[in-house]
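Analysis of the macromolecular model
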Amino acid sequence: MKRKKENFGGKFTADIETRNEKITKPFKAFAWIFGVVGFFLFAAGMSISLINADKAVSLVIGSLVGIAGIAMMIANKFIYKAIVTKYLYKAEMRRLEESTRESAQLSDVIEVKGLTHNYGHFRGVFDVSFSVKKGEVFGFLGPNGAGKSTTMRHLMGYSEPQNGHCYINGLDCWKNHAKIMNEVGYLPGEVALPEGLSGKGFLDMMRGMRKSKCDRTEELIKTFDVNTKGSVKRMSIGEKRKLAVAAAFMGDPDVLLLDEPTSGLDPVMQEVFIDFIRKEKEKGKTVLLSSHIFSEVEALCDRIAIIKDGKIVSVISADEVKHYKRKTFVITFADKKNYDKFCKEDFEFREMNADTKTVEIAAPEELCDKMVKTLTNYKVENLVEHQQTLEEYFMHFYKSERTFGGLNNG
């Protein structure tokens, strides 16, 4: 208790009273009115005792009522501290906890905690948890049907979680879906546009709905060569996708949810999009990007979550993928004799080519020293170490059905 007084006395209590004036004012008024009434009753009792024949009874009654009122006035300070302040303290602590949580989430702009939505037949998302920091491009990698789009829809507030929560900038996505929709740039995986509009009509409609102070529409039309004159109904998938890209970025949002963003775009426009996201990242934008295209994720993302059957199976940084402990070596020997002899060694051979006297072996980090020492006994013409790619990491993980120690850190 002493610690509480030290930390939350004085100004803190005054702040509580100010913030909770609606609660404190009635209680104070009641206490003082009761005391004043008691005082006047006491005065009335004293008067009665002077003029009434039954002075003793009047004096006793008036004195008791008056003393009770005065006692109430004196005790008001202690009663207020003991009862009201205790109640307000609990309310204030809840407010401070929420404020602290929101402050902590300023660095974690996007947060998914234990998200679960079971659609039956093993479809849905199950206990999905990850966070995206401010200014980070976070990759959400997995095959079709793994749960990427489902997670995105929950973050946009389109679906209510059965369990868990989704937050953007500290706001619960389901409870604040209108604000989330207005402030977050969202590019859905499947683009369905109203067919009765032209490209310009659609962008005008989206601009009116967002009511954003910033308008990058003309810049985006030029960057992505958006068709604004044609009817949406007659547009190709790629043209509709470019319209959707422009709609997602037109308000210059700080947070972007991009679900399979380059799906339907031609290779040239895919490169344009990747360059555009790099520039947005330099501006400090926070991006959650779902994809099943390895090159796209490798080119843009700081960290990557791999999702399988609705569950996060690994969260890893792009640098960790490159320096992953399992390495691949391509070794070319000086002659056939050395080649044939080495092929009998106890290593994991991926490829052997007798014509070029070359082997490709895979080795975990703990066996690399053994391999190098073994090679000192051979005449080696060339040795190349291949950098681990995201696709190799992903496929090896899916095939091995195991979690890599130390890499599951969200």
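Below, the structure is looked at part by part. Computed from a predicted model, the values in this text were never measured in an experiment. (Residues numbered from 1 in each chain as written. Predicted model: local features only at pLDDT ≥ 70, side-chain atom pairs only at ≥ 80, totals over all residues. Heavy atoms only, no water.)

**Thoughts on the sheet that holds strand β3 (residues 137-141)**
For the record, the criterion: Paired strands are those between which DSSP finds at least two bridges. Per the convention used, a helix needs a DSSP run of H or I reaching at least four residues, while a strand needs a run of E reaching at least two, with both numbered from the N terminus. Helix axes are fitted to C-alpha atoms over the stretch in contact, other axes to C-alpha atoms as well, and angles between N-to-C directions run from 0 to 180 degrees.
As summarised here, the arrangement of the six strands in space is β6-β7-β8-β3-β9-β10, forming an open sheet in which the pairing is mixed. Sheet topology places β6 (184-187) and β10 (311-317) at the edges, where each strand pairs with a single neighbour. Direction aside, neighbouring strands of the sheet carry axes that sit 15° apart on average.

**Considering the environment of Lys213**
Our working definition: The buried label goes to any residue with under 20% of its type's maximum accessible area, the exposed label to any with over 50%, and the partly exposed label to all in between, with areas taken from a 1.4 Å probe on protein chains only.
With respect to the helices and strands, Lys213 occurs in the loop between α7 (199-210) and α8 (217-223). Among the residues examined, Lys213 registers a relative accessible area of 89% and is labelled exposed. Between the C-alpha atom of Lys213 and that of Gly251, which follows or precedes it by 38 residues, the distance is 7.4 Å.

**As for the packing of helix α9 (residues 237-249) against helix α10 (residues 267-282)**
Helix-helix packing: each pair is described by the crossing angle between the helix axes and the interaxial distance. As a reminder, the rule being used: Any angle from 65 to 115 degrees is called roughly perpendicular, while one under 35 is roughly parallel, one over 145 is roughly antiparallel, and all others are oblique. What makes two residues a contact is simply this: any of their non-hydrogen atoms within 4.5 Å. Under the convention adopted here, Pro, Cys and the residues Ala, Val, Leu, Ile, Met, Phe, Trp and Tyr are nonpolar, Asp, Glu, Lys and Arg are charged, and Gly plus all remaining residues are polar.
Here α9 crosses α10 at 5°, and the two axes come no closer than 13 Å. In terms of orientation, α9 and α10 fall into the roughly parallel class. Counted together, Lys242, Val245 and Phe249 of α9 and Met269, Phe273, Phe276, Ile277 and Glu280 of α10 form the full contact between these two elements. Within the contact of α9 with α10, the residues separate by chemical class into six nonpolar, no polar and two charged.

**Some words on the pairing of strand β13 (residues 358-363)**
For β13, a buried count of six out of six residues is recorded, marking the element as mostly surrounded by other parts of the structure. Side chains Thr358, Glu360 and Ala362 project from β13 onto one buried face, and the interleaved Val359, Ile361 and Ala363 project onto a second face that is buried too. In the sheet, strand β11 (residues 327-333) pairs with β13 via six bridges, with the strands oriented antiparallel. Across the sheet, Ile331 pairs through a bridge with Val359, a residue of β13. Relative to β13, strand β12 (residues 348-353) runs antiparallel, the two sharing five bridges. When the sheet's bridge partners are listed, Met352 is paired in β13 with Val359.

**Quick word on the pattern of salt bridges**
It is possible for side chains of opposite charge to pair when their charged atoms get near one another. We count it as follows: Throughout this description, the term salt bridge denotes a Lys or Arg side-chain nitrogen within 4 Å of a carboxyl oxygen of Asp or Glu.
Under the criterion given, the structure shown has 15 salt bridges. Note that Arg216 and Glu219 form a salt bridge whose closest N and O atoms lie 2.9 Å from each other. Measuring nitrogen to oxygen at the nearest pair gives 2.5 Å for the salt bridge that ties Lys281 to Asp302. Pair noted here: Lys281 is in helix α10 and Asp302 is in the loop between α11 (294-300) and β9 (303-308), with a separation of 21 residues, a long-range link. On the basis of relative accessible area, Asp302 is assigned to the partly exposed category, the value being 27%. Linked through salt bridges whose partners overlap, the residues forming this network are Arg216, Glu219, Asp252, Glu280, Lys283 and Lys285.

Such coordinate-based values are descriptive only and should not be taken to indicate function.
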